[in-house]
Number of protein chains: 4
Amino acid sequence: MIEEKVFKDPVHKYIYVQDRIVWDLINTKEFQRLRRIRQLGTSFLTFHGAEHSRFSHSLGVYEITRKIISQFERNQYADWPAEERLLCLCAALLHDVGHGPFSHSIEKVFGTNHENWSCRIILGDTDVNKVLSQVSPTFPHDVAGVICKTYRREIVTSLVSSQLDADRMDYLLRDAYFTGVNYGTFDLERILRVLRPYQGKIVVKESGMHAVEDYLMSRYQMYWQVYFHPVTRSAEILLGKALECAKALFEEGYSFEFMPEPILHLFQGKLSLSDYFLLDESLMQTVLMYWTLEKNPVLADLSGRFLHRRLFKFTSVDEQEISLLTDFQDALEEAGLDPNYYMEMDFPSDQSYDVYRPGFGKDDKLPILLLDSQDRLSEITERSEIVKSISGLHMGQHRIYYPVELFETGGPKVDVLRRRLFG
Amino acid sequence: MIEEKVFKDPVHKYIYVQDRIVWDLINTKEFQRLRRIRQLGTSFLTFHGAEHSRFSHSLGVYEITRKIISQFERNQYADWPAEERLLCLCAALLHDVGHGPFSHSIEKVFGTNHENWSCRIILGDTDVNKVLSQVSPTFPHDVAGVICKTYRREIVTSLVSSQLDADRMDYLLRDAYFTGVNYGTFDLERILRVLRPYQGKIVVKESGMHAVEDYLMSRYQMYWQVYFHPVTRSAEILLGKALECAKALFEEGYSFEFMPEPILHLFQGKLSLSDYFLLDESLMQTVLMYWTLEKNPVLADLSGRFLHRRLFKFTSVDEQEISLLTDFQDALEEAGLDPNYYMEMDFPSDQSYDVYRPGFGKDDKLPILLLDSQDRLSEITERSEIVKSISGLHMGQHRIYYPVELFETGGPKVDVLRRRLFG
Amino acid sequence: MIEEKVFKDPVHKYIYVQDRIVWDLINTKEFQRLRRIRQLGTSFLTFHGAEHSRFSHSLGVYEITRKIISQFERNQYADWPAEERLLCLCAALLHDVGHGPFSHSIEKVFGTNHENWSCRIILGDTDVNKVLSQVSPTFPHDVAGVICKTYRREIVTSLVSSQLDADRMDYLLRDAYFTGVNYGTFDLERILRVLRPYQGKIVVKESGMHAVEDYLMSRYQMYWQVYFHPVTRSAEILLGKALECAKALFEEGYSFEFMPEPILHLFQGKLSLSDYFLLDESLMQTVLMYWTLEKNPVLADLSGRFLHRRLFKFTSVDEQEISLLTDFQDALEEAGLDPNYYMEMDFPSDQSYDVYRPGFGKDDKLPILLLDSQDRLSEITERSEIVKSISGLHMGQHRIYYPVELFETGGPKVDVLRRRLFG
Amino acid sequence: MIEEKVFKDPVHKYIYVQDRIVWDLINTKEFQRLRRIRQLGTSFLTFHGAEHSRFSHSLGVYEITRKIISQFERNQYADWPAEERLLCLCAALLHDVGHGPFSHSIEKVFGTNHENWSCRIILGDTDVNKVLSQVSPTFPHDVAGVICKTYRREIVTSLVSSQLDADRMDYLLRDAYFTGVNYGTFDLERILRVLRPYQGKIVVKESGMHAVEDYLMSRYQMYWQVYFHPVTRSAEILLGKALECAKALFEEGYSFEFMPEPILHLFQGKLSLSDYFLLDESLMQTVLMYWTLEKNPVLADLSGRFLHRRLFKFTSVDEQEISLLTDFQDALEEAGLDPNYYMEMDFPSDQSYDVYRPGFGKDDKLPILLLDSQDRLSEITERSEIVKSISGLHMGQHRIYYPVELFETGGPKVDVLRRRLFG
């Protein structure tokens, strides 16, 4: 134990560190690296306040976890395994330590996976591993187990990852704060007060149902207002295209003016831990800046578009209009723009961003369970009309993204498309 | 004119753009570059929320200026020169466009000056210049004049730069928001409502005196709690030392593994506009990362300390203890650490960060004038007891910064110092 | 026109008065009386912050209306009848001027109606009428027409009363602020920006759909968390019972120790305007305080329970358990408590508190219409999956309210009930 | 001990009750009566949001005290007398229980004293006394001792009453919240964290000095912006005049239409505990309402002015202009207005509202002491330049209050005065 340390935090006011291990983890260079990775990737191009880092989010997840456990301890709940405290705190702090720069785009193009990297960092030859090993030789393995959801005790993993976990609670509040939208606010203090450890699970006292409804509705709003914002998607698509283009050039044997080792090894599919440590958003932005000076015009153009925010526009399409895709391809080719790099069809949704889905399957997030005064559990959609109404709601439209300059050129196929789109 | 555009902003809720020129300026690559320069330099190492960019601050200064002018127009004040509206808006937006990465440290080591660079960008061969020139051939010159305070009409320059200008009002609120401290909040709406154009100056209706007092007290608190925070100073000192070390090595003919052109030209004192455009905080962080791998141990160590946040500690010294400096030097030399790079005496103050100083001199910021109901002007310290009390207050202590590892070594001189410091 | 006046307001920061008529209306004694009527009736017994008055709410509705109209004027929308500005402002300000003390309970017991009283005050021999008549002899009649929804122009009435009117927008934000819950917050500035006058209606630009969803979800949460809170209902029931008991005693010829004229006339069903002016919550609380000293034990007990907050408890009942009612009656009678005054079955819902219902009928609130970029209108449930999901949702449970002391007595029927309820 | 109960509170989010005694105290009718006494007396006539009650403030003081003690216990500070916990909590909760309606005005006119009444309620035959006596027969006496500052342990009294006590911390935050001004906000969480029990006193860890500065500056601003607001003073003066007039009439044997017993006894100087219980702001407002119908024109006029907010205007006077007083008297007499009731000279200040004064005298509030890392204590003005600057600052102007209608009459003396005032 150490003298309590505090971090000033805009979301939780203060973050309290009470364990030497936690303090030492924060001061490792692998954890400090998270300062150079934005929490919301390309969203800063839509919401200019959203420059906050994964470092701040990781501290926030730690703090919420600490508060939950502290409440469990204060009330001496029998079902809480007190000996798991430090494991929970470390896993909460480190759950995102393997995130790379602009994860969405990079992972899609290069097939990396941040959860795997978190475990490699925790188990590999790193400062993080050294600190964790001070607790016990098997402690790093336990922490990695919690993050990869293989740890034997579900109550521990569900604190860090479930439909109502510390991770989501922090990012909804944090992203709402830094973007400036007020959709993502809910009553965190109340939710923390109604959580209960019960038979190996974290459940919610029934009287807190409305607070959970409020949380789920905030989540719904944040997905559609922030996470799936079409401008953010446009930036992600553009970044993905630039990376695909560079990768294709690399595979063709193109000679780059500037090729730092971590990028080279990323292209070669043989990233080492020390490469990964160097691979932050500063490096990615520097590389993109150099690519704007490359002689390949497509790579230079796509990189410049991303950096200087000349993003693709989009048009929403109904399902019956899928034929528009062909018209777009024709028009782009006529205008001398490669459809592989200057167009994308997008459907902004994925299961993890459901409003809420009460699945109990192996790959599902644990659902939200209510505990009534007679100690009966029920899944929240059985009790809440509104959660039932919105559960599984999928929305979002298909959109085609393309450069607005397309319509500055002439040509019959562009004219056909222009008429279809704008009448 | 264009259809009104809005940016979501956490501080002002929304930022409204109503002029095509303003919209086009925001979309230039020189203005977009400000996304890659943090508003608060190294403060993110003290306050992890403080990752916000000069881009967001510049939009904020523009928005406050827009609101002030809009109030003047709505009330049809005779002393407001309506024809200066667009000039004010453009100067407000662009006043920081010349800021480089970590300006404090870079300007100190290399003698650059962000105000000069703002004018070079406005007057040079840039997208910004092209957009401004659409208004009139002399318009870029006028904008630069406002920023460098040579423009003929004081009322215009004082909107952008005075003791109560749009710049300070935005940064106090914005820095308070992103650091999470609540010192910097004051009643912006009320202040805007009591500003009046009067005889070529911006003055304050006397009934708003208390709101101005509150603003000055917020400013005082922000200086001591945020801007002069010793940990932030420590990070600035460390960064400065790393840059000095690299510069010295360069001058000795040391061969760097990684030396991008903008850095080379910075070292050579011949930065071009196109170099400057590339010189952002991503590049600086990438360079520092590469320097951690350099063979020169001092440069590698200092760079790593900054990046991984192993900052210098500090001890406060009274004036009579100046002899401590010599003891520090001796101890550092004994421990094999070059005092030029591993120690600094700091006095955290400079005139621009006074609480408030009612100067009327040529180099002073314009003081705050109150306008009473009989149209008499008085400088605020004549009317406000509290502003008089705190006016010109200087505080802050001398501090010596040094690496904490110094005391992990033994040796007689280190022991002497240890005893002086810790008894 | 007058020099702009401002009121400091916690919800809107400032409330701006720019017309002499509005200023004079605020200063009438009938409008000042609203300071002595709480906005949320008995809710202060649940949420101790909820002491805010109808005076503050009325100013808030005025301010939102002023902002909407100001936006319409600034953008010079063709469909906005500019000549209706002052009528809208006055109707917004005065829409609640006829509210009496604890309206819900009083109106239920005595059959009064605040909307009628608003019109009587506007059309009768009052200061409000004198001020309004300065505009034109028919102006009071127009204002009353807007409030009673008989005014010929729907666009005017719908500003003050519809599914998305200034009234609801203010009370959601205001009640959320003063109770301290954070359910009721939504992005007012954004909603105001997307409202459009269109073909005699106020509609919403389609791009604002998500902001409206957020507003409707806030509304839903406020209804269940605040407006239908069972403790608030308990206080309302208790107050209603005390009033019913006093009324019954009065009808029996009981002689009251303290019977001020307005109460006497209320009992006699012949309230005059000057009585009504005296009938505020101070008087009601004073009367209740005197009733605690009355010799009739039921009246004294019920009044004391309300004043000293010894409220009825409640138990939720399913529909199949309606037989509980009989058991309650039996037990109460056994315990010597009159079931007419010591028990109530409650179902907390009424149509006006729907989440949202897209009715177009004569008695329905005007639904929310979206205007797309091709000037087509659609009702919001056609476009928003989530509004469709929650539209018309009715929830809430039947509850039986009763004094907790019932179970402190013995007796076989109380025992039967105790077993049914608590097993 | 009981299951934890919570109150939703806008200032502290939640108020936690963990002791049965505290819960029972809150439910006494004497404590519930505080719901009918406003925290800020007549300020609601200036700031319409300021309707919050002493009930909510008392809960807030309790909650801050609970948090301070909880921090002391968590850190197991040796100097904290753990056995005093319940005494501190009860004294914090009850410190204002003796406040009457519009205390400032009533106490001035009738010489009552709320602190004495608090002790009478605690020691007399009341529900509060019954609850406290459950702890021990001497417990009520101890609680009264803490409130009247005669309790033997200074550390206990200073928690409830000092320059940095739970009382002031709550009212600054609460009054700021409900008025809507943002002057009164400071970092409560940080201050609570740096308080330490030390040698029988509550002191502040030196590192928290800036947070205390911020608190003192907030306090300064609140005094001048809210507590001494000239419009609030005007309402207090008017209410005082109405009470003086009624008292004088009573002493002359005037027969009142409506004279409830508590008021009669107040006039006769023989208020009993049961009278006092009935004496709330509802009763006072009802009495004032009836007085507007009295045949004495001065009493009727003054009462109506207060209730319907037709307040006195004011003019600020320098010390050399004291002769204005005579001119005012002459003019009022000429206009047929009794100067005793239609005029008042006011100097808005009293010692308890100093910015800060480091007195150690018997009647002074305990000063703020800083504890440095070598366990040395210093009074804050020795360490803080800014507190030193503002310490003891007195400001405020002499003002003469009078009815604006005075100048609607003619006459030579009124003309003289008009010229002096308005030129």
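Nothing here was measured: the structure is a model prediction, and the numbers come from that model.

Bringing the overall build of chain A into the picture now. Within chain A one finds 22 helices and 9 strands. Relative to its length of 423 residues, chain A is compact, with a C-alpha radius of gyration of 23 Å against a globular reference of 22 Å. Overall, chain A is about 75 × 50 × 35 Å in size when its C-alpha atoms are taken along their principal axes. Scored against the burial criterion, the 423 residues of chain A give a buried share of 52%. Residue pairs in contact within chain A that sit at least 24 positions apart in sequence constitute 68% of those at least 6 positions apart.

Another aspect to go through is the UniProt feature "domain: HD" (unreviewed entry) in chain A. In the numbering used here, UniProt assigns the "domain: HD" (unreviewed entry) feature to residues 54-172 of chain A. A helix fraction of 66% and a strand fraction of 0% characterise residues 54-172 of chain A, whose end C-alpha atoms lie 13 Å from each other.

On to the pairing of strand β3 (residues 195-198) of chain A. Residues and elements named next belong to chain A. The sheet contact formed by β3 and strand β4 (residues 201-205) spans 4 bridges and is antiparallel. Residue pairing in the sheet places tyrosine 198 in a bridge with lysine 201 of β4. Hairpin connection, β3 to β4: the antiparallel pair is bridged by 2 residues, and glutamine 199 has positive phi, about 50 degrees.

So, about the nonpolar core. Considering soluble globular proteins, one finds that nonpolar side chains tend to be buried as a cluster. In this structure, Ala242 of chain A, Ala242 of chain B, Ala242 of chain C together with Ala242 of chain D are the most contacted members of the largest nonpolar core, which totals 504 residues. If sequence neighbours within four positions are ignored, alanine 242 of chain D has contacts with Leu288, Trp291, Leu299, Leu302, Ser303 and Phe306 of chain D.

Residue and element names in this part refer to chain C. Sheet architecture is open: 3 strands sit in the order β5-β9-β6, paired in antiparallel fashion. Two strands in the sheet have a free side with no partner beyond their single neighbour: β5 (313-317) and β6 (344-346). If you compare each strand with its neighbour and ignore which way they point, the axes differ by 25 degrees on average. Bridging between β6 and strand β9 (residues 398-402) involves 3 bridges; their strand directions are antiparallel. Following the sheet pairing, methionine 345 is matched in β9 by isoleucine 400. Helix α18 (residues 324-334) contacts β5, β6 and β9 of the sheet and is inclined by roughly 0 degrees relative to β9.

Let's shift gears to the relation of the copies chain B and chain D. The two copies are related by a screw operation: chain B maps onto chain D through 180 degrees of rotation and 0.0 Å of translation along the axis, at an RMSD of 0.0 Å. Here the two chains are linked by the operation of a two-fold rotation axis. Taking C-alpha positions as the reference, the residue of chain B nearest the rotation axis is serine 389 of chain B, at 2.6 Å. Same-surface contact between copies: 100% of interface residues of chain B are shared with the interface of chain D.

Our next topic: the interface of chain A and chain B. In many reports, interface size means the accessible area that the parts give up when they come together. Tallying the contact residues gives 30 residues for chain A and 30 residues for chain B. Contributions of two or more residues to the side of chain A that touches chain B are made by β1 (5-9), α2 (29-32), α3 (54-74), α10 (166-179) and α16 (281-291) of chain A. Top contributing element to the side of chain A that touches chain B by residue count: α16 of chain A, with 5 residues. When grouped by side-chain class, the residues that make up the side of chain A that touches chain B number 11 nonpolar, 12 polar and 7 charged.

Another aspect to go through is the interface of chain B and chain D. Taken together, the 17 residues of chain B in the interface contact 17 residues of chain D. Among the secondary structure elements, those contributing two or more residues to the side of chain B that touches chain D are α12 (209-227) and α21 (385-390) of chain B. The dominant element in the side of chain B that touches chain D, judged by the number of residues it contributes, is α12 of chain B, at 7 residues. Tallied by class, residues from the side of chain B that touches chain D come to 8 nonpolar, 6 polar and 3 charged.

Okay, the domain arrangement of chain A next. All names here are of chain A. Assigned domains of chain A: these are domain 1 (5-227) and domain 2 (229-304). Its C-alpha centre places domain 1 at a distance of 29 Å from the equivalent point of domain 2. The interface of domain 1 with domain 2 comprises 27 residues on the first partner and 19 residues on the second. Those elements that provide at least two residues to the side of domain 1 that touches domain 2 are α5 (103-110), α6 (114-123) and α12 (209-227). If you tally residues by element for the side of domain 1 that touches domain 2, the top one is α5, at 6 residues. In terms of residue class, the side of domain 1 that touches domain 2 is built from 10 nonpolar, 10 polar and 7 charged.

In this section: the relation of the copies chain A and chain B. When chain A is brought onto chain B, the operation consists of a screw motion whose angular component is 180 degrees and whose axial shift is 0.0 Å, with 0.0 Å RMSD remaining. Here 100% of the interface residues in chain A have copies in chain B that are interface residues too; the copies meet face to matching face.

Structural remark: α-helix, 3.6 residues per turn; residues separated by three or four positions point the same way. Across the 11 residues that make up α16 of chain A, a large majority, 9, are buried. Within the sequence span of α16 of chain A, burial applies to Ser282, Leu283, Met284, Gln285, Thr286, Val287, Leu288, Met289 and Trp291 of chain A. Those residues of α16 of chain A that are buried are in contact with α13 (230-251), α14 (261-267), α15 (273-278) and α17 (297-307) of chain A together with α15 (273-278) and α16 (281-291) of chain B.

With that out of the way, let us pick up the environment of serine 389 of chain D. One can find serine 389 of chain D in helix α21 (residues 385-390). Separated by 320 residues in the primary sequence, serine 389 of chain D and isoleucine 69 of chain D have C-alpha atoms spaced 32 Å apart.

Once that is clear, we can look at the packing of helix α13 (residues 230-251) of chain B against helix α17 (residues 297-307) of chain B. Residues and elements named next belong to chain B. Axis separation between α13 and α17 bottoms out at 9 Å; the angle between their running directions is 155 degrees. Considered as vectors, α13 and α17 are oriented roughly antiparallel to each other. In this structure, α13 meets α17 at a crossing whose hand is left-handed. Side by side, α13 and α17 meet where Ala235, Leu238, Leu239, Lys241, Ala242, Cys245, Ala246 and Leu249 of the first sit next to Val298, Leu299, Leu302, Ser303, Arg305 and Phe306 of the second. Of the residues assigned to the contact of α13 with α17, the class counts are 11 nonpolar, 1 polar and 2 charged.

Moving on, we get to the sheet that holds strand β8 (residues 377-379) of chain C. Residue and element names in this part refer to chain C. Read across the open sheet, the 4 strands follow the order β3-β4-β7-β8; overall the sheet is mixed. For this open sheet the edge positions go to β3 (195-198) and β8, each flanked by a neighbour on one side alone. Put simply, the sheet's adjacent strands are angled 45 degrees from each other on average, direction ignored.

Residues and elements named next belong to chain C. In the Ramachandran plot, lysine 149 falls in the positive-phi region, its phi being about 60 degrees despite a non-glycine side chain. Looking at the secondary structure, you find lysine 149 in the loop between α8 (139-147) and α9 (154-160). Notably, arginine 309 is not glycine yet its phi reads approximately 60 degrees, a positive angle. As for its placement among the helices and strands, arginine 309 is situated in the loop between α17 (297-307) and β5.

Successive side chains on a regular strand alternate, one facing one side of the sheet and the next facing the other. Residues and elements named next belong to chain B. Where strand β1 (residues 5-9) meets strand β2 (residues 13-17), 5 bridges bridge the pair, whose relative direction is antiparallel. Among the inter-strand pairings, lysine 5 is bridged to a residue of β2, identified as valine 17. Taking the residues that link successive antiparallel strands as the turn, the β1-β2 hairpin has 3 residues.

Our next topic: α10 of chain A. For α10 of chain A, spanning 14 residues, the distance from its first C-alpha to its last is 20 Å, which sits close to the expected 20 Å at 1.5 Å a residue. Burial within α10 of chain A is extensive, with 13 of its 14 residues counted as buried.

Chain-level statistics for chain A give a pLDDT mean of 91 and a share of 94% at 70 or above. Two numbers describe this predicted complex: its pTM, 0.93, and its ipTM, 0.94.

A few words on the packing of helix α18 (residues 324-334) of chain A against helix α22 (residues 412-422) of chain A. Residue and element names in this part refer to chain A. α22 packs onto α18 with a crossing angle of 140 degrees between their chain directions and a minimal axis gap of 8 Å. Looking at the two axes, α18 sits oblique to α22. Viewed along their axes, α18 and α22 form a crossing whose handedness is left-handed. Across the interface between the two elements, Leu324, Asp327, Phe328, Asp330, Ala331 and Glu334 from α18 touch Lys413, Val414, Val416, Leu417 and Arg420 from α22.

As for its position among the elements, histidine 308 of chain D is in the loop between α17 (297-307) and β5 (313-317). Histidine 308 of chain D sits 24 residues away from leucine 332 of chain D along the chain, and the two C-alpha atoms are 22 Å apart. Each residue touching histidine 308 of chain D, except ones within four places of it in the same chain, is listed here: Lys29 and Gln32 of chain C.

Criteria and cut-off values
- Residues numbered from 1 in each chain as written.
- Chains lettered and ligands numbered in written order.
- Predicted model: local features only at pLDDT ≥ 70, side-chain atom pairs only at ≥ 80, totals over all residues.
- Helix = DSSP H or I, 4+ residues; strand = E, 2+ residues; numbered from the N terminus.
- Rg over C-alpha atoms; globule rule 2.2 N^0.38 Å.
- Buried ≥ 20, exposed ≤ 12 C-beta atoms within 10 Å, placed from the backbone.
- Contact = placed C-beta atoms within 7 Å.
- UniProt positions renumbered as here; feature names shortened; annotations may be inferred.
- Pairing = 2+ DSSP bridges.
- Core = buried A, V, L, I, M, F, W, Y, C linked by C-beta atoms within 7 Å.
- Axes fitted to C-alpha atoms, helices over the stretch in contact; angles between N-to-C directions.
- Least-squares fit on C-alpha atoms with pLDDT ≥ 70 in both.
- Nonpolar A, V, L, I, M, F, W, Y, C, P; charged D, E, K, R; others polar.
- Domains from an automatic or database assignment.
- Parallel < 35°, antiparallel > 145°, perpendicular 65-115°, else oblique.
- Left-handed = near helix turned anticlockwise from the far one by under 90°.
- Expected span 1.5 Å × (residues − 1).
- pLDDT = per-residue confidence, 0-100.

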